[in-house]
Amino acid sequence: MSHTLGIRQAQKQKTRQALMDSALQLLEHQSLSSLGLREVTRAVGVAPAAFYRHFKDTADLGVALVEQALGSLHDTIRAVIVTTGSGEERIDRAVELIAAHVRTHPAHVRFIARERHGGVAPVREAIGVQLRRFADEVAEALGADPESAGWTRADLRMLAGVYVDHMVMTASALLEGGEEAVLTTARAQLRLVALGRRHWLD
């Protein structure tokens, strides 16, 4: 009996993932607010009623896509901040990590960039929650850096927000092409932030 349940659960998970993958592919060319569940189920080859065994509606599907797109990034973001080496090395490492993520997950990045200010409120809120989590984690990592001695918690959180916003902005810009120019600009902007950070307490 348990073996049968295991097979059913695996099949259910497979169908759920297929719905998410198909939705993500369809969202390459449209916003979530214009996506119909029939489009998604047709692409997967299941009946529209099957959609509701996995998601309440397309907004619920969108929230699941947010969790998939951003949930796995926490370790990457932490790695960017705690990278050792000179300031230039840390900047290069941060920019390369962002570029590598965009190269390997362009559809996820495009979805987040489009829906961050899109028309589906639960998805906007889910993206906001994840980005605030990133900022909290970055602020905690920055607080452990000797360079942050004397900084207030509020200032660390503000700086963390700048880093997270910069990451999203750079990732979005990379989708438009011109990678070399985008990364050159991103490095220059991070140098400017680093300079301001060194003199913030002056």
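In what follows, the accompanying structure is described. (Residues numbered from 1 in each chain as written. Predicted model: local features only at pLDDT ≥ 70, side-chain atom pairs only at ≥ 80, totals over all residues. Heavy atoms only, no water.)

The interhelical angle for the contact between helix α9 (residues 153-175) and helix α10 (residues 179-198), taken along N-to-C directions, is 170 degrees, at an axis separation of 10 Å. In this view, α9 runs roughly antiparallel relative to α10, as classed from their interaxial angle. Two secondary-structure elements touch here, α9 through Leu159, Val162, Tyr163, His166, Met169, Thr170, Ala173 and Leu174 and α10 through Glu179, Val182, Leu183, Ala186, Gln189, Leu190, Val193 and Arg197. Residue composition of the contact of α9 with α10, by class: 11 nonpolar, three polar and two charged. (Axes fitted to C-alpha atoms, helices over the stretch in contact; angles between N-to-C directions. Helix = DSSP H or I, 4+ residues; strand = E, 2+ residues; numbered from the N terminus. Parallel < 35°, antiparallel > 145°, perpendicular 65-115°, else oblique. Contact = heavy atoms within 4.5 Å. Nonpolar A, V, L, I, M, F, W, Y, C, P; charged D, E, K, R; others polar.)

The next point concerns the pattern of salt bridges. Tallied over the full model, the rule gives 11 salt bridges. Among the ionic pairs, aspartate 165 bridges to arginine 116, the shortest N-O distance being 3.1 Å. Remark: arginine 116 occurs in the loop between α7 (106-115) and α8 (121-143) and aspartate 165 occurs in helix α9; sequence separation between them is 49 residues. Assessed through its relative accessible area of 40%, aspartate 165 is described here as partly exposed. Connected through shared salt-bridge partners, Arg90, Asp145, Glu147 and Arg197 make up one network. (Salt bridge = Lys/Arg side-chain N within 4 Å of Asp/Glu carboxyl O. Buried < 20%, exposed > 50% of the residue type's maximum accessible area, 1.4 Å probe, protein only.)

Turning our eyes to something else, we now look at empty space enclosed by the protein. Using the criterion set out here, one finds one cavity of 30 Å³ or more in the structure. Here the largest cavity defines a volume of roughly 210 Å³. Put simply, the parts of the chain that give the lining of the largest cavity at least two residues each are α4 (58-71), α5 (74-82), α6 (87-104), α7 and α9. Of the residues in the lining of the largest cavity, the class split is 15 nonpolar, four polar and no charged. (1 Å grid on protein atoms, 1.4 Å probe; cavity = no way out; pocket = protein on both sides within 12 Å on 5 of 7 lines; lining within 4 Å. Points joined across faces, edges and corners; volume = space filled by probe spheres on them.)

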